[in-house]
Amino acid sequence: RTQLRAAIRASHYGHLQLMLPMVSSIEDIRRAKREIEDVKEELRREGFPFNQALEIGVMIEIPALAQIADLVAQEVDFASIGTNDLCQYATASDRTNPGVSSYYQNFHPGLLRLLKNTIDGFKTAGTPISVCGEMGGNKLAIPLLVGFGLRMLSMNSASIPEAKYILSLYTIKEMEAMADHVLRMRTADEVQMYLSEILVKKKDSVEK
């Protein structure tokens, strides 16, 4: 509550978006929104100004929430897919544990379908959605995510030049066709090999 008060008061000085982490249900979202409204009312009574148009979003990193993305999209103003945690929980693997790290697969067909389902749910509702985590700056994943329908990617600044280059190699239709093809694949190795081969061919055609 102390953090909410500080954040909402700061919104008086600029546009603020609040993103809720580790959300697992619609109940979580509604409970947080009630708390935010209580804090707003408290600040009104105390005479503190703040931006009434505060936007509330969620980080989608739990598979249960991703499965009801169409419902979540009706409850929030925006969302970001946390690919690191979503992959970890979807594949039941600890990415920091070398003993099971091989099970942490960013291109697991189940994870890719989960991503597509999430993006579709938000697109249908017209609610903005982005992606963050390792996949956002992965040269193989970038065209795939755009092909799924994403238009906002978050990555560290060092990855931006390569990301722009990768995107310049493809048309939207090509990326959409790649995404459709990948969704029919059965293993992470098949997906990575397919995406790698296409990227090599694209680079070769540009260099020639």
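Q: Just checking my understanding: could you explain the packing of helix α9 (residues 172-182) against helix α10 (residues 188-207) for this structure?
A: To describe two helices that pack against each other, one gives the angle between their axes and the distance between the axes. Look at α9 against α10: their axes get within 10 Å of each other, and the N-to-C directions meet at 155°. Judged on the interaxial angle alone, α10 and α9 are roughly antiparallel. Judged by the sense of rotation from one axis to the other, the crossing of α9 with α10 is right-handed. Here α9 contributes E174, M178, H181 and V182 to the contact with α10, which in turn contributes V191, Y194, L195, I198 and K202. Taken together, the residues of the contact of α9 with α10 break down into 6 nonpolar, 1 polar and 2 charged.

Q: Is there a simple way to think about the pairing of strand β3 (residues 78-82) in this case?
A: Moving residue by residue along a regular strand, the side chains alternate between the two faces of the sheet. Buried residues dominate β3, accounting for 5 of its 5 residues. Side-chain alternation along β3 places F78, S80 and G82 on one buried face and A79 and I81 on a second face that is also buried. Here 4 bridges tie strand β2 (residues 55-60) to β3, and the two strands are oriented parallel to one another. Opposite I60, over in β3, you have I81 as the bridge partner.

Q: Which parts of the structure should I look at to understand the side chain of S93?
A: With respect to the helices and strands, the residue S93 is situated in the loop between α5 (83-90) and α6 (109-125). You can call S93 buried: its relative accessible area is 5%. There is a polar contact of 2.8 Å between the side chain of S93 and the side chain of T91.

Q: Looking at this structure, I do not really get the packing of helix α1 (residues 2-10) against helix α2 (residues 26-46). What am I missing?
A: Interhelical geometry of α1 versus α2 gives an angle of 65° and a closest axis separation of 10 Å. The handedness of the crossing between α1 and α2 is right-handed. Residue-level contacts link L4, R5, I8 and R9 of α1 to E35, I36, V39, K40, E42, L43 and E46 of α2. Here the residues of the contact of α1 with α2 are counted per class, giving 5 nonpolar, no polar and 6 charged.

So, how was this worked out
- Residues numbered from 1 in each chain as written.
- Predicted model: local features only at pLDDT ≥ 70, side-chain atom pairs only at ≥ 80, totals over all residues.
- Heavy atoms only, no water.
- Axes fitted to C-alpha atoms, helices over the stretch in contact; angles between N-to-C directions.
- Helix = DSSP H or I, 4+ residues; strand = E, 2+ residues; numbered from the N terminus.
- Parallel < 35°, antiparallel > 145°, perpendicular 65-115°, else oblique.
- Left-handed = near helix turned anticlockwise from the far one by under 90°.
- Contact = heavy atoms within 4.5 Å.
- Nonpolar A, V, L, I, M, F, W, Y, C, P; charged D, E, K, R; others polar.
- Buried < 20%, exposed > 50% of the residue type's maximum accessible area, 1.4 Å probe, protein only.
- Pairing = 2+ DSSP bridges.
- Polar contact = N/O pair within 3.5 Å; in protein donor to acceptor, adjacent residues only side chain to side chain.

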